[in-house]
Amino acid sequence: MAIFFQEEQKTFYLEGKDVTYAFFINEVGYAEHLYYGKKIGRDDLTCIRKSGGGSGTSIIPGRMEMWLQPGFYASYHDFPSELSFFGTGDYREPAVGYQDKTGSRVVELLYDGHEILAEKPLPAGMPGMRGGETLVLHLKDSITAFACDLYYTIYEETGVVVRRAVYRNLSTDAVRLNRAYSFTFTLPDMDYDVLSLPGAWARERAIERIPMHHGVVSVDSKRTSSSATMNPFLALARKNAGEETGDVYGFSLIYSSSYVLKAEGVNGGTTLVTGGIQDFDFSWTLEPGEGFDTPEVVLAYSDRGLGGMSRSFHDAYRDHLINPRYVKKPRPVVINNWEGTYFNFDAEKLMSIAKAVEGTGIDTFVLDDGWFGKRDDDTSGLGDWVVNTKKLKGGLTDVIACVNSLGMKFGLWFEPEMVNEDSDLFRAHPDYAIGLPNRARCRSRYQYMLDLTRKEVRDTIVDSVNRVLHENNIEYVKWDYNRNVTESFSFGRDPQRQAEFAHRYALGLYDLCERIVNANPNVFFEGCSSGGARFDPAMLYYFPQIWTSDNTDAEARTLIQYGTSMVYPLSTMSCHVSAVPNHQTGRTTSMETRADIAHLGATGYELDTTKFTTEEKVKIREQVAQYHQMEDLVLYGDLYRTENPFESNYFGFMLVAKDQKKAMLTLYQRVTKCNGDLKLFKAAGLLPDTDYFVPELNRTFKGSTLMNVGLRAAFARGDFATVTYHFVAQNA
Ligand code: DGJ
């Protein structure tokens, strides 16, 4: 049991192994936050509450006398909130924006009972965390019959808390939601930094850390996709919190469309966190009896710094988010033809790329963009999921037969959500593309987005994609998404409901994923979006790994993979060794460096393998074999970020088996220095008293020595060099 209700004080304690989350129902029936942090006893915490309000405080009707009593305050603005609402004296960011037919925007959502479910339901039509005992707190406005259910789940091992809200219209008239956030969470002071993951194409998920201040710090997307510009995540880190020390609270939203997460510094010293679906360009009509489910947000508390927070997210996402049918299995090691050929290939070329890696251990050939419709470049063909037999004379059949005869699986690229103007699909159904009847559409990469809010559009996509998957022996799909929405408008939808578009797109996308993923249980799915522009937990629910970035340069990848690891496990990051000079940066790095960095994820190769020398082929065979030896650490181990490339000349990832018997440290030096510093590189996460054999040094050291003294890294001469060390516990 993880959820306890203390009747007398009406306090809920959500307990993980090391963590407690507590709130209570106060005198006015308001869900008031008490605590989230390191595990505590089930004590009465009401003595920690703030007392007294200031001049100008808006007192809850009927509570004036209470407010005058010493030690009590009776304003919604002063209560630490589990769900903030507008119109009755709370001036902080409300979680809900409501309007009824009278024009009233006021609701007062107070306790109306609760229940504890043995298993967590998913939000309707949306992905979410799988399983776990769940508290449902019923809140209701007694005047309007508008209601809200708050869902809470806590996972024992990690102590992460999953939250969401469901808004319900229990009245007999339609109401409008102008905002429908998933949660509110309050901390009793503001002494935090806000950490976020901003970026751009080929520079995804950098790390930005700024001081928390009065007013609102907001991260968001208005792109109908979670975006490369800002990942749906923020963290509040104590000023002194570092990689492995200090308190950190992380907030990760399971959502793929426009979103917002906000941290607000208020009342001269509290921090309120809220967010969910982006409320700009959003409104939703709730008919009588209808409910509106919001996406889940995952809260991770750590007293072990950012590293501890990341490990909690990693474990929680591996154990409860990613499809269990893939999560505990080794990942395909792929050869992908994109950077090797771009659109310029025929069947022979593809077969020769596959043949060139025979015997290297690479086990899957992935045919990227350009195999379908009239697709010789990016101006045409999207939407026509029919093989281009001009390019592939024997259709897919011959290429797949060749790949399979080499003992490899075959994978195929799709971009199911898109259409080119020059395509049979667009010619037949121009209204399937998102756009306004009286306005030219913005093109992006010569393509338009399909209107996934419409069922008939989704049906067409599902039929054509599933047909290809069912007619061919395809065991891997790369699902790409290469533009963002413009002119968002859905033909045929009620004008009053057009601002439902961005969320309806998310629901349509999830439906598409469900129907394609579930109809193809033997296919392994990889997500992609112009690189990593839709790298979010909702996509991970369907696709166990995502192409991390179009930037395959090892130097750039140290930053991208470091930032991505803040929230996402290495097993979810698709990382490829590509050719040099690198196609994105023009930089040349060694084959070893490229492999050492790409092997810190779900690895693969992406280059023209027909140009390999015999030595390179041997090298790749060795690299793949080495990867397989350490794959369990990459896929299921604990990550310690030992060197930060955003702040130094070095990058360091230490991967440690859960039983701490095996570990690996990959170090990278950006620029070589003559007569350089005397830096020692510390290991992390080992058992202090255990002896570890380090094969690269042919020496054995105590874990405490490796973690406190460190190792001198023998980087090769030249820039962009890597060194890896392995640690094997002796007699442990
Ligand atoms: C963008 C992806 O990120 C690339 O890997 C590749 O699949 C191209 N799209 C193909 O158009």
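Everything numeric in this text was worked out from a predicted model, so none of it was measured.

Criteria and thresholds
Residues numbered from 1 in each chain as written. Predicted model: local features only at pLDDT ≥ 70, side-chain atom pairs only at ≥ 80, totals over all residues. Heavy atoms only, no water. Helix = DSSP H or I, 4+ residues; strand = E, 2+ residues; numbered from the N terminus. Rg over C-alpha atoms; globule rule 2.2 N^0.38 Å. Buried < 20%, exposed > 50% of the residue type's maximum accessible area, 1.4 Å probe, protein only. Contact = heavy atoms within 4.5 Å. Areas by Shrake-Rupley, 256 points an atom, 1.4 Å probe, with all protein chains shown as cover. Lys, Arg positive; Asp, Glu negative; His and termini not counted. Charge placed at Lys NZ, Arg CZ, Asp CG, Glu CD. Polar contact = N/O pair within 3.5 Å; in protein donor to acceptor, adjacent residues only side chain to side chain. Pairing = 2+ DSSP bridges. Axes fitted to C-alpha atoms, helices over the stretch in contact; angles between N-to-C directions. Near = heavy atom within 4 Å. Nonpolar A, V, L, I, M, F, W, Y, C, P; charged D, E, K, R; others polar. Parallel < 35°, antiparallel > 145°, perpendicular 65-115°, else oblique. Left-handed = near helix turned anticlockwise from the far one by under 90°. Phe/Tyr/Trp six-rings, centres within 6.5 Å; stacked < 30°, edge-to-face > 60°. Domains from an automatic or database assignment. Buried area = accessible area lost by both parts, 1.4 Å probe. Expected span 1.5 Å × (residues − 1).

Side note on the overall build of the protein chain
- Per the secondary structure count, the protein chain includes 14 helices and 36 strands.
- A compact globule built from 732 residues should have a C-alpha radius of gyration of about 27 Å, and the protein chain, at 27 Å, falls within 12% of that.
- The principal-axis extents of the C-alpha atoms in the protein chain amount to approximately 85 × 70 × 45 Å.
- Counting every position in the protein chain, which comprises 732 residues, the buried fraction comes to 62%.
- Look at the contacts in the protein chain between residues 6 or more apart in sequence, and 69% of them connect residues 24 or more apart.
- Element-wise, carbon and sulfur atoms account for 50% of the exposed surface of the protein chain, whose accessible area totals about 26400 Å².
- Averaging the coordinates of the 77 positive side-chain charges in the protein chain and doing the same for the 96 negative ones gives two points 3 Å apart.

Regarding the side chain of E555
- Structurally, E555 can be placed in helix α11 (residues 554-564).
- In terms of polar contacts, E555 uses its side chain to reach the side chain of Y668, at 2.5 Å.
- Non-local contacts of E555, meaning those with residues more than four positions away in its chain, are made with R587, Y668, R670 and F720.

Here's the deal with the pairing of strand β8 (residues 146-154)
- Buried residues dominate β8, accounting for nine of its nine residues.
- Side chains of β8 alternate between two faces, with F146, C148, L150, Y152 and I154 and A147, D149, Y151 and T153 buried alike.
- Relative to β8, strand β7 (residues 134-140) runs antiparallel, the two sharing seven bridges. Following the sheet pairing, L137 is matched in β8 by L150.
- Here β7 folds back onto β8, and the loop between the two strands holds five residues, one of which, A145, carries a positive phi near 60°.

As for the sheet that holds strand β27 (residues 524-527)
- Judged by pairing direction, the barrel is parallel, and its eight strands sit side by side in the order β21-β22-β23-β26-β27-β28-β29-β30 before closing back on the first. The average undirected angle you get between the axes of adjacent strands in this sheet is 30°.
- Here strand β23 (residues 409-414) runs beside strand β26 (residues 476-479); their pairing, made up of four bridges, is parallel. The residue of β26 that forms the bridge with W413 is K478.
- Where helix α9 (residues 501-518) meets the sheet, it contacts β26 and β27, and its direction lies at approximately 170° from that of β26.

A few points about the site of the ligand
- Residues in contact with the ligand amount to 13 residues; listed here are only the nearest, D368, D369, K478, D480 and D550.
- The contact in question runs from an oxygen atom of the ligand to an N or O atom on the side chain of D369, over 2.7 Å.
- One nitrogen or oxygen atom from the side chain of D480 is found 2.7 Å from a nitrogen atom belonging to the ligand.
- Summarising the interface, the protein chains cover 97% of the accessible area of the ligand, which totals 300 Å² for the free molecule.
- Across the shell around the ligand, the residue classes tally to four nonpolar, three polar and six charged.

Overview of the packing of helix α8 (residues 455-471) against α9
- One way to put it is that α8 packs onto α9 with a least axis distance of 10 Å and a crossing angle of 25°. Regarding the angle of α8 to α9, the classification is roughly parallel. For the pair α8 and α9, the crossing hand works out as right-handed. Facing α8, whose interface residues are R458, D459, I461, V462, V465, N466 and L469, α9 presents G508, D511, L512, R515 and I516.
- Partitioned by chemical class, the residues of the contact of α8 with α9 number six nonpolar, two polar and four charged.

Some words on the side chain of D315
- Along the chain, D315 turns up in helix α2 (residues 305-320).
- Among the residues examined, D315 registers a relative accessible area of 17% and is labelled buried.

Looking at the packing of aromatic side chains
- Taken as a whole and assessed by the stated rule, the structure comprises 52 aromatic pairs.
- Judged by centre distance (6.3 Å) and plane angle (75°), the rings of Y192 and Y249 are edge-to-face. One end of the pair, Y192, is in strand β11 (residues 192-198); the other, Y249, is in strand β15 (residues 248-253), with 57 residues separating them in the sequence. Just as Y192 is buried, Y249 falls in that class too.
- When the ring of Y562 is compared with that of F646, the centres are 6.0 Å apart and the planes differ by 65°; the resulting orientation is edge-to-face. With Y562 in helix α11 and F646 in the loop between β31 (638-643) and β32 (650-656), this pair connects stretches of sequence that are 84 residues apart.
- Under the relative-accessibility criterion, Y562 is labelled buried at 1%.

A short note on the domain arrangement of the protein chain
- Here the protein chain is partitioned into domain 1 (3-320), domain 2 (334-419 + 454-486 + 521-635) and domain 3 (643-730).
- Taking only C-alpha atoms, the centre of domain 2 and the centre of domain 3 are 31 Å apart.
- Of the residues lining the interface, 21 residues belong to domain 2; the matching set on domain 3 comes to 20 residues.
- Carbon and sulfur atoms make up 73% of the area that domain 2 and domain 3 hide from each other, which totals about 1800 Å².

A look at the pairing of strand β9 (residues 161-169)
- A large share of β9 lies buried, amounting to eight of its nine residues.
- Here β8 runs beside β9; their pairing, made up of nine bridges, is antiparallel. Opposite C148, over in β9, you have Y167 as the bridge partner.
- Adjacent in sequence and paired antiparallel, β8 and β9 are bridged by six residues, among which G159 carries a positive phi angle near 70°.
- Alignment of β9 against strand β20 (residues 297-302), held across three bridges, turns out to be antiparallel.

Considerations on the environment of T486
- For T486, the location among the structural elements is in the loop between β26 and α9.
- What T486 contacts, discounting residues up to four positions off in sequence, is I434 and C442.
- Polar side-chain contacts of T486 include one of 2.5 Å to the side chain of E487.

With respect to unusual backbone geometry
- Omega for the bond connecting V580 with P581 falls within 30 degrees of zero, at -10°, which places this linkage in the cis form.
- Mapped onto the elements, P581 comes out in the loop between β29 (573-578) and α12 (591-598).
- Residues other than glycine seldom take positive phi values, yet K10 does so here, at roughly 50°.
- Tracing the chain through its elements places K10 in the loop between β1 (3-6) and β2 (11-15).

A look at the sheet that holds β1
- Read from one edge to the other, the open sheet built from four strands follows the order β1-β2-β3-β4, with strand pairing classed as antiparallel. Both edges of this open sheet fall to β1 and β4 (31-38), since each of them pairs with a single strand only. With strand direction ignored, the average angle separating the axes of adjacent strands in the sheet is 15°.
- Across four bridges, the pairing between β1 and β2 is antiparallel. Bridged to F5 within β2 is F12.

A word on the environment of S405
- Its place among the elements puts S405 in helix α6 (residues 395-405).
- For S405, a relative accessible area of 59% puts it in the exposed group.
- Along the primary structure S405 and N649 are separated by 244 residues, whereas in three dimensions their C-alpha atoms are 46 Å apart.

Thoughts on α9
- The end-to-end C-alpha distance of α9, which contains 18 residues, comes to 25 Å, matching closely the 26 Å that a straight helix rising 1.5 Å per residue would cover.
- Taken across its 18 residues, α9 has 13 buried, putting it largely inside the fold.

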